[in-house]
Amino acid sequence: MAAPSTSPRPFSVSTIPHHLLVPCVPAGRRVTASKSGGSFHLALKETEKRDSVLTSKQQIDRLLRPGASYANLNPFEVLQVDPRTPIDDIKKKFRRMSILVHPDKNQDDSERAQKAFDELTKAWRCLENESTRQKCLDIVEEAEAIVAKRIEERKKQLKREGKDARVDEDDPEKLKRAVYVQTMKLFADMERKRRQQETRDQEERKRKRDLEIEEEEQKKAEKEWQKNFEESRVNRVNSWKDFQKGKSAKKFKGFKPPKHKAEARD
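Residues numbered from 1 in each chain as written. Predicted model: local features only at pLDDT ≥ 70, side-chain atom pairs only at ≥ 80, totals over all residues. Heavy atoms only, no water.

Asks: I tried to follow the overall build of the chain on my own but got confused; where do I start?
Replies: Helix and strand content of the chain: eight helices and zero strands. Moving toward the C terminus, one meets the helices and strands of the chain in the order α-α-α-α-α-α-α-α. Scored against the burial criterion, the 266 residues of the chain give a buried share of 26%. Counted over contacts in the chain with a minimum sequence separation of 6, partners at least 24 positions apart contribute 67%. (Helix = DSSP H or I, 4+ residues; strand = E, 2+ residues; numbered from the N terminus. Buried < 20%, exposed > 50% of the residue type's maximum accessible area, 1.4 Å probe, protein only. Contact = heavy atoms within 4.5 Å.)

Structure follows, in structure tokens:
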């Protein structure tokens, strides 16, 4: 009878116990350390073995590198997936990457790990929603169309000049880079417009609030004036009555003609 196999089971996300999978918490929310430290870190090591490129330090550095604030506007780039990847595969990729940058895994650099984890979570939240995922895909497709048109116009220009119509983007890697750069520009432009709109909305809310305060102060001043007017009314009436009484109380002594002085004669 053959002895039972003692070789370890192949690793996959489904083999990780449910309580060890990283929950999809909102970006910015802190995650607490897992009590099952040994099993958790074992799962991390297995994940790193699965793809030697996706190490914890590399992912944290990538997500927090200088200029990442704009690069991370593209959720496909954050999760390192093709824009047309099925959502189930994107979810698996998010789980693997979130394990790598989880603060429990990087306790010697937990603050940066938390920020990286937040970036992954924000990207996943964006892509798991069908509406926002389609908007992001639309941006990628627009970038592809812009690059394709640019290449076409450049080739036409070269032909008109009687030159070789080959361009750098004929190389798939350079084409991919051109689309990447154009996609980043579009995402950055979208973010710039969003911030401008947010600023305008804040200014409009402030303007309305200032107007409300001004109207409230005006109403308060009018109310105070009306109150003072009513309180002083009795005094004004009494003063007028006293004036009338004093005027009628004066006796008329009649008209006295001036005394006649006799004319002196020499």
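Asks: Before we go on, may I ask you to explain the pattern of salt bridges in this structure?
Replies: Oppositely charged side chains can form a pair if their charged atoms are brought close together. Per the counting criterion, the structure on display carries 22 salt bridges. The salt bridge involving Lys57 is made with Asp61; its shortest N-O contact spans 2.7 Å. One end of the pair is Lys57 and the other is Asp61, both in helix 2 (residues 56-64) and four residues apart, which spans about a single turn. The class for Lys57 is exposed, based on a relative accessible area of 59%. Note that Lys155 and Asp170 form a salt bridge whose closest N and O atoms lie 3.1 Å from each other. Of this pair, Lys155 sits in helix 7 (residues 130-160) while Asp170 sits in the loop between helix 7 and helix 8 (172-249); the two residues are 15 residues apart in sequence, bridging distant segments of the chain. (Salt bridge = Lys/Arg side-chain N within 4 Å of Asp/Glu carboxyl O.)

Asks: Teacher, can you tell me more about the packing of helix 5 (residues 87-101) against helix 6 (residues 110-128) here?
Replies: Two numbers describe a pair of packed helices, the interaxial angle and the distance between the axes. In the contact formed by helix 5 and helix 6, the axes pass within 9 Å of each other and the chain directions differ by 170°. As far as their axial angle goes, helix 6 and helix 5 are roughly antiparallel. Of the residues in helix 6, those touching helix 5 at Ile87, Ile90, Lys91, Phe94, Met97, Ser98 and Val101 are Ala113, Ala116, Phe117, Leu120, Thr121, Trp124, Leu127 and Glu128. By residue class, the composition of the contact of helix 5 with helix 6 is eleven nonpolar, two polar and two charged. (Axes fitted to C-alpha atoms, helices over the stretch in contact; angles between N-to-C directions. Parallel < 35°, antiparallel > 145°, perpendicular 65-115°, else oblique. Nonpolar A, V, L, I, M, F, W, Y, C, P; charged D, E, K, R; others polar.)

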